[in-house]
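# Remarks on the overall topology
For reference, the chains in residue letters:
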Amino acid sequence: MGKTKCEGCGRQTPSFEIVEYGSMENGYKQLCRRCFNSEAAAAAGLKDFEHVEFDPIRLKDSGGKVHEFHFRTFLFGTGVALDAFELRKGAPAGGSGANGVSRT
Ligand SMILES: [Zn+2]
């Protein structure tokens, strides 16, 4: 699985967790969700925004195969979006958010 260094906190982050954040004028930064959310919160003037992490959950299907689901939270102007996806072979699979940000 590819990893990308977050330009906010410097953490090596799985590439699918990286968000391009910025503007045409100021350029784009590659940020992990946590940094993205805090930047978005700052931009929205929210001082007390708390980033919430949900632990991945593992479910076994009837055939005994384990499915691992991850949750992502994204802050938007009007609220927080929660996106769930299944991790298969180290990459998001299924769901609508496999290729970036999905708004729910
Ligand atoms: Zn970061």
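What this report covers is the structure whose coordinates are included nearby. (Residues numbered from 1 in each chain as written. Predicted model: local features only at pLDDT ≥ 70, side-chain atom pairs only at ≥ 80, totals over all residues.)

### Notes on the overall build of the chain
Scanning the chain from N- to C-terminus turns up 1 helix and 8 strands. Going residue by residue from the N terminus, the α and β elements of the chain occur as β-β-β-β-α-β-β-β-β. Within the span of the chain, comprising 104 residues, buried residues form 13% of the whole. For the chain, the proportion of contacts with a sequence separation of at least 24, taken over those separated by at least 6, is 22%. (Helix = DSSP H or I, 4+ residues; strand = E, 2+ residues; numbered from the N terminus. Buried ≥ 20, exposed ≤ 12 C-beta atoms within 10 Å, placed from the backbone. Contact = placed C-beta atoms within 7 Å.)

### A look at the pairing of strand 4 (residues 27–31)
Direction of pairing for strand 3 (residues 19–23) relative to strand 4: antiparallel, over a ladder of 5 bridges. Bridging from a neighbouring strand, glycine 22 pairs with tyrosine 28 of strand 4. Hairpin connection of strand 3 to strand 4: 3 residues between the antiparallel strands. (Pairing = 2+ DSSP bridges.)

### Some details on the environment of histidine 70
Looking at where histidine 70 falls in the secondary structure, it is placed in strand 6 (residues 66–76). Each residue touching histidine 70, except ones within four places of it in the same chain, is listed here: Pro56, Phe85 and Leu87.

### Details of the environment of glutamate 68
Summarising the element assignment, glutamate 68 is placed in strand 6. Glutamate 68 gets classed as exposed once you count the C-beta atoms within 10 Å, which come to 12. For the pair glutamate 68 and proline 92, spaced 24 residues apart in sequence, the C-alpha separation works out to 9.8 Å. Those residues in contact with glutamate 68 that lie beyond four places of it in its chain are Pro56, Arg58, Glu86 and Leu87.

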